[in-house]
Amino acid sequence: SSNANTVTLLDYGAGNVRSVRNAIRHLGVNIRDVRSPEDILSADRLVFPGVGAFGSAMDVLNRTGMADALREYIRRDRPFLGICLGLQLLFDSSEENGPGADSASTTVVSGLGVIPGVVRRFDSSEGLIVPHIGWNALQITKDTQLLQGADGHHVYFVHSYHALPAVQFHPEKSGATGLSIFEKFLSPNSSGAKAPAHRKASKLAKRVIACLDVRSNDNGDLVVTKGDQYDVRNLGKPVELASQYYIDGADEVSFLNITGFRAFPLGDLPMLEVLRCASEKVFVPLTVGGGIRDFTDESGRYYSSLEVASEYFRSGADKISIGSDAVFAAEAYLQTGVKTGKSSLEQISRVYGNQAVVVSIDPRRVYVKSPDEVQFRTVKVSSKGPLGEEYAWYQCTVSGGRDSRPIGAYELAKAVEELGAGEILLNCIDCDGQGGGFDIDLIKMVSDAVTIPVIASSGAGSVEHFSEVFEKTNASAALAAGIFHRKEVPILAVKEHLVDAGVEVRMQ
Ligand code: 1PR
């Protein structure tokens, strides 16, 4: 077992560990997979990645005898890196019940009991946005070799439950800082530590996200395309662009397969290949959306949306994004008041966690003279409509803006939050590709209404539009496509402007 260049990986089979595998390989270290409890005991160094839910992870560990082996390995004081859930499992118990559990229930599930204490859910009634998704600066209070040089650097967190010590964040998704921390665990004698950054009080950083709208061309290749109020034209190669955005400092990269609502996504092998290649080069979170729904193919075989999503996760996605299907699920829920548990949104978030499920909203502005004209939540608009209207509601659409639905963005956001969405990607068809700025009225209305993070999207044309959206709304992130594709505004310029405006962001 004593191959210095090999690390043992505990992949208990319930989630996406492709990001961790890619990061380890990127650092030139080989992976040995745990197949039996003995593999744990004979490990030189062990990484336990943080994916899945507490309850189901403990089930597997207990059933396979790995729980006892892990306790023994840690008792022997062997090198162990528990990432996120891999850390939380060391505690006595957790409030996270795992698949099938009602999030309101307070039953706790027993953990490995190595560290005394309970893993608790963040309380959104205290004004917190939950899940906690994004980049926080490390404040290192105790000297450890592992975190040396990382003080003050931003690393990527994604969790709804928290325990106190150690690597709650994801080094494999924390850019160069994360890779350098990982390297210190994998190869303890390596140098490569960075100079400590200046220490200052840190909040959750606002995220800048680069989005690639992709579609298949006539040869079946995926091309990046960018529209103007959802009319599209072509722009470049997805993997190349995604890795360039990572290098340029994007905090996340999103792929939206904008023709996904037409074709069956598992038939869409190029998209899976794009994800595999991109996730080898992009060490920040990757989101993929388009066409996630239940589907029956020509031969009559039925695929659940969960299978479709699982394939995306296996290929390297950290989050999936649901558009049209979430609108139908929300409409049904609002009509009946019943959560069936069967919608794609509910199924995927139950198995992969809320934090892995984004709902993408594609609304269009509808002006009205008075709020009484419609049953949907309206806003008093900052600039009046063509007939002098002072109010508007935002009507949701499906199929890439083709069909309008009888539900507003506000109502949809509230409903999908209850159904298990972990984040909202809030587009606006009126602003898409216009470069005139984000729809502040819409984004303020929705980000004030929910406790999950809201990503502002559509309309960014200059660096000032980013500071404006963060100053005037509760958005946690801002996404742009056109200005980054056309290289009109570099990502770094956006970040530097935000720093000048007093908005905390991750700088590399
Ligand atoms: O309904 O689950 O199959 O998902 C389809 C997904 O594809 C949705 O997320 C939907 O937003 C997206 N989509 C569908 N058709 C289009 C289109 O353009 N014809 N793109 C489309 C949506 C909006 C953003 C865009 C921002 C920022 N594009 O993704 O990137 O508006 O643009 P900007 O910075 O250039 O203004 P499903």
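Up top is the structure.
Bear in mind the structure is a predicted one, so any value in this text is a computation, not a measurement.

Peer 1: What should I look at first to understand the overall build of the protein in this one?
Peer 2: Along its length, the protein carries 16 helices and 26 strands. By residue count, 57% of the 508 residues in the protein fall in the buried class. The long-range fraction of contacts in the protein, counting pairs at least 24 apart against all pairs at least 6 apart in sequence, stands at 71%. Summing over all exposed atoms, the protein offers an accessible surface of approximately 21,000 Å²; the carbon and sulfur share of this is 48%.

Peer 1: Quick question: what am I supposed to make of the nonpolar core here?
Peer 2: Nonpolar side chains tend to gather and get buried jointly when the protein is soluble and globular. Counting residues in each nonpolar core, the largest one holds 110 residues, and the members touching the most others are Val47, Phe182, Phe255, Tyr312, Ile320, Phe466 and Phe484. In this structure, Phe54, Ala57, Met58 and Ala69 belong to the second largest nonpolar core, which totals 24 residues.

Peer 1: Where do I start with the site of the ligand in this structure?
Peer 2: Contacts to the ligand come from 26 residues, most closely from Ser324, Ser360, Asp362, Asp432 and Ser458. Take Gly433: an N or O atom from its main chain is 2.8 Å from an oxygen atom of the ligand. Here Ser458 contributes a side-chain N or O atom positioned 2.6 Å from an oxygen atom of the ligand. Notes on the ligand: free accessible area 760 Å², of which the protein chains cover 98%.

Peer 1: Before we go on, may I ask you to explain the pairing of strand S1 (residues 6–9) in this structure?
Peer 2: For a regular strand, side chains alternate in direction, first toward one face of the sheet and then toward the other. The alternating pattern of S1 places Thr6 and Thr8 on one face and Val7 and Leu9 on the opposite face, and all of these are buried. Note that S1 and strand S2 (residues 30–33) share 4 bridges and pair parallel. When the sheet's bridge partners are listed, Thr6 is paired in S2 with Asn30. Of the pairings in the sheet, the one linking S1 to strand S3 (residues 46–48) comprises 2 bridges and is parallel in character. Note that in S3 the partner of Thr8 across the bridge is Leu46.

Peer 1: Explain the sheet that holds S1 here, please?
Peer 2: Backbone hydrogen bonds hold the strands of a sheet together, and the pairing may be parallel or antiparallel. The parallel open sheet is built from 4 strands, whose spatial order is S2-S1-S3-S4. The open sheet has two edge strands with one neighbour each: S2 and strand S4 (80–82). Between one strand and the next, the sheet's axes are offset by a mean angle of 30 degrees, whatever the strand orientation. Across the face of the sheet, helix H6 (residues 175–186) comes into contact with S1, S3 and S4 while running at roughly 140 degrees to S3.

Peer 1: Is there a simple way to explain helix H14 (residues 463–472) in this structure?
Peer 2: Because each turn of an α-helix spans 3.6 residues, side chains separated by three or four positions in sequence point in the same direction. Turning to H14, its buried residues are Val463, His465, Phe466, Ser467, Val469 and Phe470. In this structure, the buried residues of H14 make contact with strand S11 (207–216), helix H13 (440–449), strand S25 (454–457), strand S26 (477–480), helix H15 (482–485) and helix H16 (491–500).

Peer 1: I keep staring at the sheet that holds strand S7 (residues 115–121) and nothing clicks. Help me out?
Peer 2: The strand order across the open sheet built from 4 strands is S6-S5-S7-S10, with neighbouring strands paired in mixed fashion. Either end of the sheet is taken by a strand with one partner, and the two such strands are strand S6 (109–110) and strand S10 (161–162). As judged from the 3 bridges shared by strand S5 (residues 91–94) and S7, these two strands associate in the parallel manner. Opposite Ser93, over in S7, you have Val118 as the bridge partner.

Peer 1: Help me understand the packing of helix H12 (residues 409–419) against H13 in this model?
Peer 2: Geometrically, a packed helix pair is captured by the angle between its two axes and the distance between the axes. As a packed pair, H12 and H13 sit with axes 9 Å apart at the nearest point and diverge in direction by 30 degrees. Taken together, the axis directions place H12 and H13 in an arrangement best described as roughly parallel. Remark: the crossing between H12 and H13 carries right-handed chirality. Only Leu442, Met445, Val446 and Ala449 of H13 make contact with H12, whose side of the interface consists of Ala409, Tyr410, Ala413, Lys414 and Glu417.

Peer 1: Looking at this model, I keep getting lost on the packing of aromatic side chains. Mind explaining?
Peer 2: Think of a pair of aromatic rings as described by two things: how far the centres are apart, and how the planes are tilted against each other in angle. Scanning all chains against the criterion turns up 7 aromatic pairs. Each ring, one from Tyr246 and one from Phe283, has its centre 6.1 Å from the other, and the planes form 75 degrees; the classification is edge-to-face. With Tyr246 in helix H7 (residues 238–248) and Phe283 in the loop between helix H8 (269–281) and strand S15 (286–289), the pair connects residues that are 37 residues apart, well separated along the chain. Ring geometry for Phe466 against Phe484: centres 6.3 Å apart, planes inclined by 25 degrees, an arrangement best described as stacked. Of this pair, Phe466 sits in helix H14 while Phe484 sits in helix H15; the two residues are 18 residues apart in sequence, bridging distant segments of the chain. Residue classification places Phe484 among the buried positions, given a relative accessible area of 5%. Taken together, the ring pairs connect Tyr245, Phe438, Phe466 and Phe484 into an aromatic cluster. In this arrangement the basic side chain of Arg121 is found over the ring face of Tyr161, its NZ or CZ atom lying 5.8 Å from the centre.

Peer 1: Honestly, H12 in this entry has me stumped. Any pointers?
Peer 2: Burial of H12 is extensive: 8 of the 11 residues sit out of reach of the surface. Burial in H12 covers these residues: Ala409, Tyr410, Glu411, Leu412, Ala413, Ala415, Val416 and Leu419. Gly420, located one to two residues past H12, shows a positive phi value of around 115 degrees.

Peer 1: How do you make sense of the packing of helix H9 (residues 305–314) against helix H11 (residues 344–352) when you look at a structure like this?
Peer 2: Viewed as axis vectors pointing N to C, H9 and H11 meet at an angle of 50 degrees, and their least axial separation amounts to 9 Å. The orientation of H9 with respect to H11, classified from their angle, is oblique. Crossing geometry of H9 relative to H11 is assigned as right-handed. Contact residues: H9 offers Ser305, Leu306, Ala309, Ser310 and Phe313, while H11 offers Ser344, Gln347, Ile348, Val351 and Tyr352.

Peer 1: Whenever I open this one, unusual backbone geometry confuses me. Can you help?
Peer 2: When glycine is set aside, most residues are seen to have a negative phi, and most peptide bonds are trans. Following Val130, the chain continues into Pro131 via a peptide bond in cis, with omega recorded as 0 degrees. Tracing the chain through its elements places Pro131 in the loop between S7 and strand S8 (132–137). Of note, Ser458 is a non-glycine position whose phi angle comes to about 85 degrees, a positive value. Relative to the helices and strands, Ser458 resides in the loop between S25 and H14. Exposure remark for Ser458: the relative accessible area of 6% places this residue in the buried category. A positive phi is found at Lys487, a non-glycine position, where the angle reads about 55 degrees.

Peer 1: Would you explain a nonpolar patch on the surface in this entry?
Peer 2: Side chains of Leu492, Val499 and Met507 sit close together on the surface and give an oily, nonpolar patch of about 250 Å² of accessible area. Looking at where Leu492 falls in the secondary structure, it is placed in helix H16.

Definitions and limits used
Residues numbered from 1 in each chain as written. Predicted model: local features only at pLDDT ≥ 70, side-chain atom pairs only at ≥ 80, totals over all residues. Heavy atoms only, no water. Helix = DSSP H or I, 4+ residues; strand = E, 2+ residues; numbered from the N terminus. Buried < 20%, exposed > 50% of the residue type's maximum accessible area, 1.4 Å probe, protein only. Contact = heavy atoms within 4.5 Å. Areas by Shrake-Rupley, 256 points an atom, 1.4 Å probe, with all protein chains shown as cover. Core = buried A, V, L, I, M, F, W, Y, C linked by side-chain atoms within 4.5 Å. Near = heavy atom within 4 Å. Polar contact = N/O pair within 3.5 Å; in protein donor to acceptor, adjacent residues only side chain to side chain. Pairing = 2+ DSSP bridges. Axes fitted to C-alpha atoms, helices over the stretch in contact; angles between N-to-C directions. Parallel < 35°, antiparallel > 145°, perpendicular 65-115°, else oblique. Left-handed = near helix turned anticlockwise from the far one by under 90°. Phe/Tyr/Trp six-rings, centres within 6.5 Å; stacked < 30°, edge-to-face > 60°. Lys NZ or Arg CZ within 6 Å of the ring centre and 35° of its normal. Patch = residues over 30% accessible without salt bridge, like charges linked within 9 Å, V, L, I, M, F, W, Y side chains within 5 Å. Salt bridge = Lys/Arg side-chain N within 4 Å of Asp/Glu carboxyl O.

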